[in-house]
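Structural overview
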Amino acid sequence: MEQRVLGRTGRQVGVVGLGAWQLGADWGQMTEDEALATLETAVDGGVTLIDTADVYGDGRSERLIGRFIEDRQGLFVATKMGRRMDQVPENYVLANFRAWNERSRRNLGMDTLDLVQLHCPPSSVFSSDEVYDALDTLVSEKKIAAYGVSVETCEEALTAIARPGVATVQIILNAFRLKPLERVIPAARAAGVGIIARVPLASGLLSGKYDEHTTFADNDHRTYNRHGEAFDVGETFSGVDFATGLEAVRRLAPLVPEGLTMAQFALRWVLDQEGVSVVIPGARNRGQAAGNTSAASVPPLDAATLDAVRDVYDELIRPQVHDRW
């Protein structure tokens, strides 16, 4: 698999990683055997970066990854912190950071965490000198090797990119979410900050497998968070109305080159955006993991196809989401 430098971490990672939210919760039930098999298939396919968070299944995702990596070398684990407490700026202090990181180190079985990201905290946190001083302290104590941020908005990303210690920015980027291409990715590229592209399949919409009759489990966020009832609505279908997303997928389908799935096409689109370090699709089984990793070997899309994707976005998606994120 093609390797790219992950921003200021200086580490090389495979361009397709694995998002591990589903190993913990919020995507329906997933057994431990299914989770470990998915991890194995992804890594065997060239994945070297696994992205998780302390809140996914209240640590279940981290613990499963910790079991998996015990006997494997060269993997890069990015975790996130902050969403297990009330979302107020006062909670983003060094004492809590130390406690959160101690728990993640235990879950993952790691003395030094490769990358810790602030997990979509209140916007004011991104401007706090004390927050970055605390993160720098954890680096100096060798509790973490590097830190980054996971953001909801482009403005949050730009604020973080200006900080010299920020190694990476994780942001939603897919064919339904083009706004980061305007300012965020150019700014990150200029600063040497890595871009971790999350929600690349728009919660599965860009897999092309759903229609108006598709239903999801009650414990799946695609059922209970369509209007932001539990957390930011942008995390579910990228904030796009489900029916609008289905229509956009139908218009994108003729653009998919012969022999590719819609999901592979959508992932290749993300990888073709200059400045992206790694894309982190989730996978619930071996087949999905194998299909995702194979996108790394797909040839780049041509200019006409990229323009056509933007046309669909401008007509159907931009009016819904562009001003929000």
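Just above sits the structure.
In what follows, the accompanying structure is described. (Residues numbered from 1 in each chain as written. Predicted model: local features only at pLDDT ≥ 70, side-chain atom pairs only at ≥ 80, totals over all residues. Heavy atoms only, no water.)

1. So, the overall build of the protein chain
Put simply, the rule is: Under the scheme used here, helices are H or I runs from DSSP no shorter than 4 residues and strands are E runs no shorter than 2 residues, and both carry numbers assigned from the N terminus. Accessible area is worked out with a 1.4 Å probe on protein chains only. A residue is then buried under 20% of its type maximum, exposed over 50%, and partly exposed in between. Contacts are residue-level and defined by heavy atoms, with any inter-residue pair within 4.5 Å sufficient. Using the Shrake-Rupley algorithm and a 1.4 Å probe, accessible areas are obtained, with residue cover drawn only from the displayed protein chains. Just so you know, the count uses Lys and Arg for positive and Asp and Glu for negative, and it drops His and the chain ends. Think of each charge as sitting on NZ of Lys, CZ of Arg, CG of Asp or CD of Glu.
Per the secondary structure count, the protein chain includes eleven helices and ten strands. Projected onto its principal axes, the C-alpha positions of the protein chain cover 55 × 40 × 40 Å. Taken across its 325 residues, the protein chain has 58% of its residues classed as buried. Of all intrachain contacts in the protein chain linking residues separated by at least 6 positions in sequence, the fraction that spans at least 24 positions is 77%. Only carbon and sulfur atoms are counted for the fraction: they give 48% of the accessible area of the protein chain, which is about 13000 Å². For the protein chain, the centre of its 33 positive side-chain charges and the centre of its 45 negative side-chain charges are spaced 3 Å apart.

2. Observations concerning unusual backbone geometry
Of note, Cys120 is a non-glycine position whose phi angle comes to about 50°, a positive value. Relative to the helices and strands, Cys120 resides in the loop between strand E6 (115–119) and helix H4 (129–140). Using a relative accessible area of 8% as the deciding quantity, one classes Cys120 as buried. A positive phi angle is found at Val199, which is not glycine, with a value near 50°. With respect to the helices and strands, the residue Val199 is situated in the loop between strand E9 (194–198) and helix H7 (221–224).

3. Digging into the sheet that holds strand E10 (residues 278–279)
Stated formally: Should DSSP find at least two bridges between two strands, the strands are taken to pair. Orientation is described by lines fitted to C-alpha atoms, with helices fitted over the stretch in contact, and by angles between N-to-C directions that extend from 0 to 180 degrees.
Spatially, E3-E4-E5-E6-E7-E8-E9-E10 is the arrangement adopted by the eight strands of the open sheet, whose pairing is parallel. Every other strand in the sheet has two partners, leaving strand E3 (18–19) and E10 as the edge strands with one partner each. Pairing of E9 with E10 involves two bridges; the strand directions are parallel. Note on E10: the bridge partner recorded for Ala197 is Val279. Where helix H3 (residues 94–108) meets the sheet, it contacts strand E5 (76–81) and E6, and its direction lies at approximately 140° from that of E5.

4. Digging into the pattern of salt bridges
Inclusion rule: Counted as salt bridges are all cases of a side-chain nitrogen of Lys or Arg within 4 Å of a carboxyl oxygen of Asp or Glu.
This model, assessed by the stated rule, comprises 24 salt bridges. Note that Arg72 is salt-bridged to Asp44, the shortest N-O span being 3.6 Å. You can see Arg72 sitting in the loop between helix H2 (60–69) and E5 and its partner Asp44 sitting in helix H1 (residues 32–44), a full 28 residues away along the chain. Since its relative accessible area comes to 28%, Arg72 is described here as partly exposed. Measuring nitrogen to oxygen at the nearest pair gives 3.9 Å for the salt bridge that ties Glu182 to Arg318. Taken together, the residues Glu182 in the loop between strand E8 (166–172) and helix H6 (184–191) and Arg318 in helix H11 (residues 303–321) connect sequence positions 136 residues apart. A relative accessible area of 41% means that Glu182 is categorised as partly exposed.

5. Some remarks on the nonpolar core
This is how it is decided: Here the nonpolar core consists of buried residues drawn from Ala, Val, Leu, Ile, Met, Phe, Trp, Tyr and Cys, with membership extended through side-chain atoms lying within 4.5 Å.
Ranked by internal contacts, the top residues of the largest apolar core, which has 94 residues, are Ile65, Phe97, Leu118, Val169, Phe176 and Leu206. In terms of residue count, helix H9 (residues 262–271) provides more of this core than any other element does, eight residues in total. Leu118 has contacts with Met81, Tyr92, Phe97, Val125, Val131, Leu135, Gly148, Val149 and Ser150, leaving out every residue within four places of it along the chain. Membership of the second largest hydrophobic core comes to eleven residues, among which are Leu49, Leu115, Ala167 and Ile280.

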